[in-house]
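Structure at a glance
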Amino acid sequence: PPIRRQKIVAALALSGAAAYVAPVAPKATTALNSKAELEALAMSNTDALGQSMGFWDPLGLADGDFWGLGNEGTIGYLRHAEIKHGRVAMAGFLGFIAQCTPLVNGEHAAAPYRGYVAGVTPQEQWDNIPQAGKLQIIAFVGMLESYGEGAGNPDGYTHYTKGGLPGFYPSIKGKGAGQITFDLYKPFPIFPEQSEAQKERGRRVEVNNGRAAMLGLMSLLSASAVPGSVPALSGIEGFPQYSGNVMIPFEGDFTLF
(Lines give C-alpha, C1' and ligand atoms only; values in the text may rest on other atoms or scores of the structure.)
Protein backbone atom coordinates (compact mmCIF):
# COMPACT_ATOMS: atom_id res chain seq x y z
CA PRO A 1 0.00 0.00 0.00
CA PRO A 2 1.13 3.61 -0.59
CA ILE A 3 1.38 4.38 3.16
CA ARG A 4 3.82 1.52 3.71
CA ARG A 5 5.97 2.62 0.80
CA GLN A 6 6.02 6.20 2.08
CA LYS A 7 7.31 4.94 5.44
CA ILE A 8 10.04 2.98 3.68
CA VAL A 9 11.12 5.99 1.63
CA ALA A 10 11.12 8.27 4.68
CA ALA A 11 13.26 5.86 6.71
CA LEU A 12 15.77 5.37 3.93
CA ALA A 13 16.00 9.06 3.18
CA LEU A 14 16.53 10.04 6.81
CA SER A 15 19.18 7.36 7.33
CA GLY A 16 21.45 9.00 4.75
CA ALA A 17 20.37 12.63 5.07
CA ALA A 18 23.64 13.68 6.69
CA ALA A 19 25.55 12.62 3.60
CA TYR A 20 24.00 15.40 1.55
CA VAL A 21 25.09 18.27 3.80
CA ALA A 22 27.95 20.04 2.05
CA PRO A 23 31.24 20.35 3.96
CA VAL A 24 33.09 23.65 4.24
CA ALA A 25 35.43 24.02 1.30
CA PRO A 26 39.11 24.54 2.18
CA LYS A 27 41.69 26.04 -0.09
CA ALA A 28 41.35 24.66 -3.61
CA THR A 29 43.83 22.00 -4.69
CA THR A 30 44.31 19.78 -7.69
CA ALA A 31 45.34 16.16 -7.92
CA LEU A 32 47.03 14.71 -4.82
CA ASN A 33 50.41 13.21 -5.53
CA SER A 34 51.69 12.29 -2.09
CA LYS A 35 50.52 10.74 1.15
CA ALA A 36 51.08 14.05 2.94
CA GLU A 37 48.65 15.80 0.59
CA LEU A 38 46.18 12.93 0.98
CA GLU A 39 46.35 13.28 4.78
CA ALA A 40 45.86 17.04 4.51
CA LEU A 41 42.75 16.50 2.39
CA ALA A 42 41.32 14.01 4.90
CA MET A 43 41.97 16.30 7.86
CA SER A 44 40.43 19.34 6.13
CA ASN A 45 37.34 17.45 4.96
CA THR A 46 34.42 17.73 7.38
CA ASP A 47 31.25 15.82 8.17
CA ALA A 48 27.71 17.16 8.51
CA LEU A 49 28.55 18.63 11.93
CA GLY A 50 31.59 20.49 10.63
CA GLN A 51 34.05 18.16 12.35
CA SER A 52 37.18 16.85 10.67
CA MET A 53 36.76 13.32 9.38
CA GLY A 54 40.42 12.54 9.97
CA PHE A 55 42.76 10.24 8.06
CA TRP A 56 41.94 6.53 8.27
CA ASP A 57 44.02 3.92 6.48
CA PRO A 58 44.17 0.78 8.66
CA LEU A 59 45.62 -1.39 5.86
CA GLY A 60 48.31 1.12 4.94
CA LEU A 61 47.21 1.22 1.30
CA ALA A 62 48.42 4.80 0.91
CA ASP A 63 51.98 3.49 1.40
CA GLY A 64 51.61 0.83 -1.29
CA ASP A 65 53.01 0.42 -4.75
CA PHE A 66 50.43 -1.30 -6.94
CA TRP A 67 51.65 -2.91 -10.17
CA GLY A 68 54.81 -0.79 -10.18
CA LEU A 69 52.86 2.47 -10.39
CA GLY A 70 54.84 4.01 -7.55
CA ASN A 71 53.33 5.47 -4.39
CA GLU A 72 51.93 8.59 -6.10
CA GLY A 73 50.38 6.53 -8.88
CA THR A 74 48.89 4.12 -6.34
CA ILE A 75 47.26 6.98 -4.41
CA GLY A 76 45.80 8.30 -7.67
CA TYR A 77 44.44 4.83 -8.47
CA LEU A 78 42.84 4.41 -5.04
CA ARG A 79 41.23 7.85 -5.11
CA HIS A 80 39.85 7.34 -8.61
CA ALA A 81 38.45 3.92 -7.68
CA GLU A 82 36.74 5.30 -4.58
CA ILE A 83 35.12 8.14 -6.53
CA LYS A 84 33.81 5.78 -9.24
CA HIS A 85 32.45 3.32 -6.68
CA GLY A 86 30.77 6.20 -4.88
CA ARG A 87 29.10 7.39 -8.08
CA VAL A 88 27.74 3.94 -8.83
CA ALA A 89 26.54 3.56 -5.23
CA MET A 90 24.74 6.93 -5.32
CA ALA A 91 22.88 5.89 -8.46
CA GLY A 92 22.09 2.46 -7.00
CA PHE A 93 20.92 3.86 -3.66
CA LEU A 94 18.52 6.32 -5.28
CA GLY A 95 17.36 3.67 -7.76
CA PHE A 96 16.55 1.26 -4.94
CA ILE A 97 14.54 3.92 -3.11
CA ALA A 98 12.69 4.87 -6.30
CA GLN A 99 11.28 1.35 -6.55
CA CYS A 100 9.61 1.83 -3.14
CA THR A 101 7.84 5.12 -3.92
CA PRO A 102 4.11 5.41 -4.66
CA LEU A 103 4.97 7.28 -7.87
CA VAL A 104 6.68 4.21 -9.29
CA ASN A 105 4.63 1.58 -7.44
CA GLY A 106 6.66 -1.23 -8.94
CA GLU A 107 5.74 -0.22 -12.49
CA HIS A 108 8.08 0.78 -15.30
CA ALA A 109 7.55 4.43 -16.24
CA ALA A 110 8.49 3.93 -19.90
CA ALA A 111 7.94 1.08 -22.36
CA PRO A 112 8.56 -2.23 -20.55
CA TYR A 113 11.89 -3.87 -21.42
CA ARG A 114 12.18 -7.49 -22.49
CA GLY A 115 11.78 -9.71 -19.46
CA TYR A 116 9.96 -7.00 -17.53
CA VAL A 117 7.87 -8.14 -14.55
CA ALA A 118 5.85 -5.63 -12.52
CA GLY A 119 6.06 -5.32 -8.74
CA VAL A 120 9.42 -7.01 -8.11
CA THR A 121 12.52 -5.90 -6.20
CA PRO A 122 15.41 -4.09 -7.94
CA GLN A 123 17.52 -7.25 -7.71
CA GLU A 124 14.77 -9.31 -9.33
CA GLN A 125 14.48 -6.75 -12.11
CA TRP A 126 18.10 -7.47 -13.02
CA ASP A 127 17.53 -11.23 -12.82
CA ASN A 128 14.58 -10.92 -15.21
CA ILE A 129 16.59 -9.18 -17.93
CA PRO A 130 17.64 -11.72 -20.60
CA GLN A 131 21.28 -12.73 -20.70
CA ALA A 132 21.80 -10.91 -24.01
CA GLY A 133 20.45 -7.71 -22.47
CA LYS A 134 22.79 -8.00 -19.50
CA LEU A 135 25.76 -8.51 -21.81
CA GLN A 136 24.77 -5.41 -23.80
CA ILE A 137 24.69 -3.34 -20.61
CA ILE A 138 28.09 -4.65 -19.51
CA ALA A 139 29.56 -4.03 -22.99
CA PHE A 140 28.29 -0.44 -22.99
CA VAL A 141 29.76 0.20 -19.54
CA GLY A 142 33.01 -1.36 -20.73
CA MET A 143 33.14 1.05 -23.68
CA LEU A 144 32.67 4.02 -21.34
CA GLU A 145 35.32 2.62 -19.01
CA SER A 146 37.79 2.12 -21.86
CA TYR A 147 37.35 5.69 -23.07
CA GLY A 148 37.66 6.97 -19.51
CA GLU A 149 41.00 5.19 -19.24
CA GLY A 150 42.33 7.09 -22.24
CA ALA A 151 41.48 4.79 -25.16
CA GLY A 152 41.03 6.90 -28.27
CA ASN A 153 43.48 9.53 -26.96
CA PRO A 154 40.99 12.08 -25.54
CA ASP A 155 42.21 15.65 -25.95
CA GLY A 156 44.09 16.97 -22.92
CA TYR A 157 43.65 13.78 -20.91
CA THR A 158 46.17 12.89 -18.21
CA HIS A 159 45.76 9.52 -16.51
CA TYR A 160 44.99 9.65 -12.78
CA THR A 161 48.03 7.47 -11.99
CA LYS A 162 50.27 9.95 -13.80
CA GLY A 163 49.24 13.17 -12.11
CA GLY A 164 45.76 13.52 -13.58
CA LEU A 165 42.75 14.51 -11.50
CA PRO A 166 41.07 11.47 -9.86
CA GLY A 167 37.44 11.14 -10.91
CA PHE A 168 37.90 13.13 -14.11
CA TYR A 169 36.13 11.79 -17.20
CA PRO A 170 37.19 13.15 -20.62
CA SER A 171 34.71 14.88 -22.87
CA ILE A 172 32.65 12.72 -25.23
CA LYS A 173 31.05 15.64 -27.03
CA GLY A 174 31.67 15.42 -30.77
CA LYS A 175 32.71 11.77 -30.59
CA GLY A 176 31.05 8.87 -32.38
CA ALA A 177 31.47 10.40 -35.84
CA GLY A 178 30.39 13.72 -34.33
CA GLN A 179 26.98 12.40 -33.36
CA ILE A 180 27.30 12.89 -29.59
CA THR A 181 26.15 16.40 -28.69
CA PHE A 182 26.54 16.33 -24.90
CA ASP A 183 28.99 15.47 -22.12
CA LEU A 184 28.35 13.06 -19.27
CA TYR A 185 29.41 15.67 -16.73
CA LYS A 186 27.07 18.34 -18.07
CA PRO A 187 24.59 16.89 -20.58
CA PHE A 188 22.34 19.96 -20.60
CA PRO A 189 23.58 23.60 -20.47
CA ILE A 190 21.10 24.63 -17.78
CA PHE A 191 23.55 25.31 -14.94
CA PRO A 192 25.98 28.25 -14.80
CA GLU A 193 29.70 27.61 -15.16
CA GLN A 194 31.44 27.09 -11.81
CA SER A 195 34.66 28.62 -10.57
CA GLU A 196 37.60 26.38 -9.72
CA ALA A 197 36.90 26.86 -6.00
CA GLN A 198 33.28 25.76 -6.49
CA LYS A 199 34.38 22.73 -8.48
CA GLU A 200 36.86 21.78 -5.75
CA ARG A 201 34.13 22.07 -3.12
CA GLY A 202 31.82 19.94 -5.27
CA ARG A 203 34.48 17.23 -5.58
CA ARG A 204 34.82 17.06 -1.80
CA VAL A 205 31.05 16.88 -1.36
CA GLU A 206 30.94 14.09 -3.94
CA VAL A 207 33.48 12.02 -2.02
CA ASN A 208 31.46 12.34 1.20
CA ASN A 209 28.19 11.53 -0.51
CA GLY A 210 29.76 8.57 -2.32
CA ARG A 211 31.09 7.09 0.91
CA ALA A 212 27.71 7.42 2.58
CA ALA A 213 25.99 5.93 -0.48
CA MET A 214 28.28 2.88 -0.48
CA LEU A 215 27.33 2.19 3.13
CA GLY A 216 23.68 2.93 2.38
CA LEU A 217 23.49 0.65 -0.64
CA MET A 218 25.14 -2.21 1.19
CA SER A 219 22.68 -1.74 4.06
CA LEU A 220 19.74 -2.00 1.64
CA LEU A 221 21.12 -5.13 0.00
CA SER A 222 21.93 -6.68 3.37
CA ALA A 223 18.47 -5.96 4.78
CA SER A 224 16.91 -7.43 1.63
CA ALA A 225 18.91 -10.64 1.91
CA VAL A 226 18.98 -11.15 5.69
CA PRO A 227 15.97 -9.75 7.59
CA GLY A 228 17.07 -7.99 10.76
CA SER A 229 20.70 -7.60 9.69
CA VAL A 230 20.30 -3.81 9.58
CA PRO A 231 18.55 -2.69 12.81
CA ALA A 232 17.64 0.74 11.37
CA LEU A 233 15.65 -0.95 8.59
CA SER A 234 14.34 -4.02 10.40
CA GLY A 235 11.20 -2.30 11.68
CA ILE A 236 9.94 -1.21 8.26
CA GLU A 237 6.86 -3.17 7.33
CA GLY A 238 6.90 -4.47 3.77
CA PHE A 239 10.63 -3.94 3.20
CA PRO A 240 11.48 -5.78 -0.06
CA GLN A 241 13.12 -9.19 0.40
CA TYR A 242 15.35 -10.98 -2.11
CA SER A 243 16.20 -14.69 -1.99
CA GLY A 244 18.93 -14.61 -4.65
CA ASN A 245 22.60 -13.72 -4.40
CA VAL A 246 23.60 -10.23 -5.58
CA MET A 247 27.23 -11.40 -5.81
CA ILE A 248 26.29 -13.76 -8.67
CA PRO A 249 25.08 -11.38 -11.40
CA PHE A 250 24.21 -14.16 -13.87
CA GLU A 251 22.60 -16.48 -11.34
CA GLY A 252 19.34 -16.49 -13.28
CA ASP A 253 21.08 -17.45 -16.54
CA PHE A 254 24.04 -19.66 -15.66
CA THR A 255 26.55 -20.22 -12.89
CA LEU A 256 30.17 -21.31 -12.84
CA PHE A 257 29.92 -22.68 -9.31
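Residues numbered from 1 in each chain as written. Predicted model: local features only at pLDDT ≥ 70, side-chain atom pairs only at ≥ 80, totals over all residues. Heavy atoms only, no water.

Quick note on the threshold: UniProt positions are given in the numbering used here, feature names are shortened, and annotations may be inferred rather than shown by experiment.
Under an unreviewed UniProt entry, the chain has the name Plastid light harvesting protein and belongs to Pelagomonas calceolata. Under the Function (unreviewed entry) heading, UniProt states for the chain: "The light-harvesting complex (LHC) functions as a light receptor, it captures and delivers excitation energy to photosystems with which it is closely associated. Energy is transferred from the carotenoid and chlorophyll C (or B) to chlorophyll A and the photosynthetic reaction centers where it is used to synthesize ATP and reducing power." In its Subcellular location (unreviewed entry) section, the UniProt record describing the chain reads: "Plastid, Chloroplast".

**Here we look at unusual backbone geometry**
Most peptide bonds take the trans form, and the phi angle of most residues other than glycine is negative. Selection criterion: The way it works is that DSSP assigns letters per residue, a run of H or I at least four long becomes a helix, a run of E at least two long becomes a strand, and they are numbered from the N terminus.
Notably, Trp 67 is not glycine yet its phi reads approximately 50°, a positive angle. The topology assignment puts Trp 67 in the loop between α2 (35-44) and α3 (70-98).

**Here's the deal with the packing of aromatic side chains**
Which entries qualify depends on this criterion: Whether two aromatic rings pair depends on their centres lying within 6.5 Å, for rings of Phe, Tyr and Trp, where Trp uses its six-membered ring; planes under 30 degrees apart make the pair stacked, over 60 edge-to-face, and the rest tilted. Relative accessibility under 20% of the residue-type maximum defines a buried residue, over 50% an exposed one, and the middle range a partly exposed one, all with a 1.4 Å probe and only protein chains included.
Within the structure shown, the criterion is met by six aromatic pairs. Summarising the aromatic geometry, the rings of Trp 67 and Tyr 77 are spaced 5.0 Å apart at their centres and angled 85° between planes, so their arrangement reads as edge-to-face. Remark: Tyr 77 occurs in helix α3 and Trp 67 occurs in the loop between α2 and α3; sequence separation between them is ten residues. Judged by relative accessible area, which is 28%, Tyr 77 ranks as partly exposed. Ring geometry for Tyr 147 against Tyr 169: centres 6.1 Å apart, planes inclined by 55°, an arrangement best described as tilted. One end of the pair, Tyr 147, is in helix α5 (residues 131-148); the other, Tyr 169, is in the loop between α5 and α6 (175-178), with 22 residues separating them in the sequence.

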